[in-house]
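# Architecture and fold: a report
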Amino acid sequence: EPEVTQTPSHQVTQMGQEVILRCVPISNHLYFYWYRQILGQKVEFLVSFYNNEISEKSEIFDDQFSVERPDGSNFTLKIRSTKLEDSAMYFCASRGTGKVSYNEQFFGPGTRLTVL
Amino acid sequence: DQQVKQNSPSLSVQEGRISILNCDYTNSMFDYFLWYKKYPAEGPTFLISISSIKDKNEDGRFTVFLNKSAKHLSLHIVPSQPGDSAVYFCAASAFGQNFVFGPGTRLSVLP
């Protein structure tokens, strides 16, 4: 069964450093998302991406964040200068456009980001 | 701004009994709803969905009910099994846009 994969599973970084979180969405999916979940809080939407551009973003997704689909298979989230409050689980999700799974988003296992 | 609410942070149910998880929303533009299950250290896993044109959707042991006038949906699991123990998130979307998640309800099914 196809699945969304994410690497690394855990990333530890120093405050102020840049991090890149990687995702490989399901191969025939066209819509891609990043969400995050701070420990003990709800899952929050960050950004959606379609046709090589951002289609929607939340107020969390400020200038420190960027997304890219560099090679047609990977979907990355970059945080330029990490802050302590960026520590969270980051989930990538993708969805197709067919009728069966029109709105169903498939989530990856997440990357735990720890900013020290 | 809590557009999607799950007012019960936790729920304990005996194995074999029915689990009922509730979700309320405030945005009347939401037209598609999903329930996700999440185990510790894993990503959310899709469970069941319902669109606003229906009031019920059933898949095996899982049934979702939607009451649009009350802006309320519920997930029924029957019979509950210990493997159902997880955090359950309700999520809502308007016109295919991003999903807004509720804070989750931790379900514990006791053997």
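Up top is the structure.
Reading the values: the criteria
Residues numbered from 1 in each chain as written. Chains lettered and ligands numbered in written order. Predicted model: local features only at pLDDT ≥ 70, side-chain atom pairs only at ≥ 80, totals over all residues. Heavy atoms only, no water. Phe/Tyr/Trp six-rings, centres within 6.5 Å; stacked < 30°, edge-to-face > 60°. Helix = DSSP H or I, 4+ residues; strand = E, 2+ residues; numbered from the N terminus. Buried < 20%, exposed > 50% of the residue type's maximum accessible area, 1.4 Å probe, protein only. Lys NZ or Arg CZ within 6 Å of the ring centre and 35° of its normal. Contact = heavy atoms within 4.5 Å. Buried area = accessible area lost by both parts, 1.4 Å probe. Salt bridge = Lys/Arg side-chain N within 4 Å of Asp/Glu carboxyl O. Polar contact = N/O pair within 3.5 Å; in protein donor to acceptor, adjacent residues only side chain to side chain. Disulfide = S-S within 2.5 Å.

### With respect to the packing of aromatic side chains
The description of two aromatic rings rests on the distance between their centres and on the angle between their planes. A complete count under the given rule lists 17 aromatic pairs over all chains for this structure. Ring plane angle 85° and centroid distance 5.9 Å describe the contact between F107 of chain A and F101 of chain B, whose orientation is recorded as edge-to-face. Of this pair, F107 of chain A sits in strand 10 (residues 106-107) while F101 of chain B is found in strand 10 (residues 100-101), placing the two residues in two different chains. Accessibility assignment for this pair places F107 of chain A and F101 of chain B in one class, buried. Here the aromatic rings of Y25 of chain B and F33 of chain B are separated by 4.8 Å at their centres, their planes lie at 40°, and the arrangement is tilted. Each of the two residues, Y25 of chain B as well as F33 of chain B, counts as buried. Put simply, the rings of Y33, Y35, F45, F91 and F107 of chain A together with Y36, F46, F89 and F101 of chain B touch in pairs and so form one group of aromatic residues. We note R95 of chain A situated over the ring of Y31 of chain A; from NZ or CZ to the ring centre the distance is 4.1 Å.

### Structural notes on the interface of chain A and chain B
In many reports, interface size means the accessible area that the parts give up when they come together. Counting from both sides, the interface comprises 14 residues of chain A and, opposite them, 18 residues of chain B. Each partner contributes to the roughly 1500 Å² buried at the junction of chain A and chain B, and carbon and sulfur atoms together form 56% of this total. Where chain A touches chain B, the interface holds zero salt bridges. Put simply, chain A and chain B have three residue pairs in polar contact (both at pLDDT 80 or more) between them. Counting residues per element, the ones that place at least two in the side of chain A that touches chain B are strand 4 (31-37), strand 5 (43-50) and strand 9 (88-95) of chain A.

### Focus: the state of the cysteines
All names here are of chain B. Applying the stated rule across the entire model yields two disulfides over all chains. Disulfide pairing places C23 opposite C90 at an S-S distance of 2.0 Å. One disulfide, between C23 and C90, carries an S-S torsion of -70° and so falls in the left-handed class. Pair noted here: C23 is in strand 3 (residues 19-25) and C90 is in strand 9 (residues 86-93), with a separation of 67 residues, a long-range link.

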